[in-house]
Amino acid sequence: MILVFENEVDPESRFFVPEIRRHLEAAGARVRVTPYADEGGRPALLDDADAVVLSGSTAGVYEADEYPWMDDLREVVRELVAERVPTLAVCFGHQLVNDTLGGSVEHRGFRKGIETVRLADDPLFEGVGGRVPMIHGDFVTELGDPMERIATADYYEDVGSRHRDAPLWTVQYHPEFTAALLPQIEADFGWPSSPDARDFGDVSVERTFANFVRLAGEG
């Protein structure tokens, strides 16, 4: 079973996790979701999880005073690493994991559009193209101590990372963000009007989930 952590603090923006679930299930995984931003702590479902996905959030990792569950999630991340539970951390998850493991995160202004990224030869990226939709305002400015860079872009050095020893991957992009999600994202956050920003013809980020399901099964 793959346990997905719903980290979104705004109920009106909780349309990402259903897409995460849909893609994971399409890849053959059994999926459960924990409403983590509402409950915090250590989910009982974690005991039965074979793998974990940490979702994005409109909150920032530097807002733990307002959202105390973030400190709980840091403890969960440390447990996942120690127990070598296969984990994929997305957007806010990418930032929180690296911050937890000794890196740093800064707010540098909202970025949205389809960006060209350079992906390392990593099994997480098999079949994933170099054009990926990005929507974020916070940036990982320094990777966590045990993390290695596996994806980069001209505007952002640390787009993706992987733990040196544990089966832990993090990506700034949303693998669930395909053309199907664009209307809702545009309505809530806005989106560039240029044709290039609306051309999802060669966007294949959802392959990230299928690859993770395979990797989690191999763990």
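Further up the page is the structure itself.
Everything in this summary refers to the structure shown in the same document. Since we're looking at a predicted model, the values are computed, not measured.

Rules behind the numbers
Residues numbered from 1 in each chain as written. Predicted model: local features only at pLDDT ≥ 70, side-chain atom pairs only at ≥ 80, totals over all residues. Heavy atoms only, no water. Buried < 20%, exposed > 50% of the residue type's maximum accessible area, 1.4 Å probe, protein only. Helix = DSSP H or I, 4+ residues; strand = E, 2+ residues; numbered from the N terminus. Arc of directions from axis to C-beta. 1 Å grid on protein atoms, 1.4 Å probe; cavity = no way out; pocket = protein on both sides within 12 Å on 5 of 7 lines; lining within 4 Å. Points joined across faces, edges and corners; volume = space filled by probe spheres on them. Nonpolar A, V, L, I, M, F, W, Y, C, P; charged D, E, K, R; others polar. Contact = heavy atoms within 4.5 Å. Pairing = 2+ DSSP bridges. Axes fitted to C-alpha atoms, helices over the stretch in contact; angles between N-to-C directions.

Quick word on helix H1 (residues 16-26)
What H1 keeps buried is the set Phe16, Val17, Glu19, Ile20, His23 and Leu24. Within H1, the buried residues cover an arc of 155 degrees as seen down the axis, which keeps them to one side. Note on H1: the residue one or two positions beyond its end, Gly28, has a positive phi of about 100 degrees.

Overview of the layout of surface pockets
A volume near 310 Å³ is recorded for the largest pocket. Surrounding the largest pocket, 22 residues form its lining, Ser57, Thr58, Cys91, Ile135 and His136 being those nearest its centre. Those elements giving two or more residues to the lining of the largest pocket turn out to be H1, strand S5 (104-119) and strand S6 (131-142). Looking at the lining of the largest pocket element by element, the count peaks at four residues for S6. Grouping the amino acids of the lining of the largest pocket by side-chain chemistry returns eight nonpolar, 10 polar and four charged.

A closer look at the side chain of Ser13
Following the sequence through the fold, Ser13 ends up in the loop between strand S1 (2-5) and H1. Each residue touching Ser13, except ones within four places of it in the same chain, is listed here: Glu8, Asp188 and Phe189.

Some thoughts on the sheet that holds strand S7 (residues 147-153)
Here we have nine strands laid out as an open sheet, ordered S2-S1-S3-S4-S9-S8-S7-S5-S6, and mixed in their pairing. Strands with a single pairing partner mark the edges of an open sheet, and in this sheet they are strand S2 (31-34) and S6. The average undirected angle you get between the axes of adjacent strands in this sheet is 30 degrees. As defined by bridge partners, S5 adjoins S6 across 10 bridges and the pair is classed as antiparallel. The partner of Arg111 across the bridge, within S6, is His136.

A look at helix H4 (residues 92-100)
Most of H4 sits inside the fold, with eight of its nine residues counted as buried. Listing the buried residues of H4 in full gives Phe92, Gly93, His94, Gln95, Leu96, Val97, Asn98 and Thr100. With its phi angle positive at about 105 degrees, Gly102 sits one or two positions after the end of H4.

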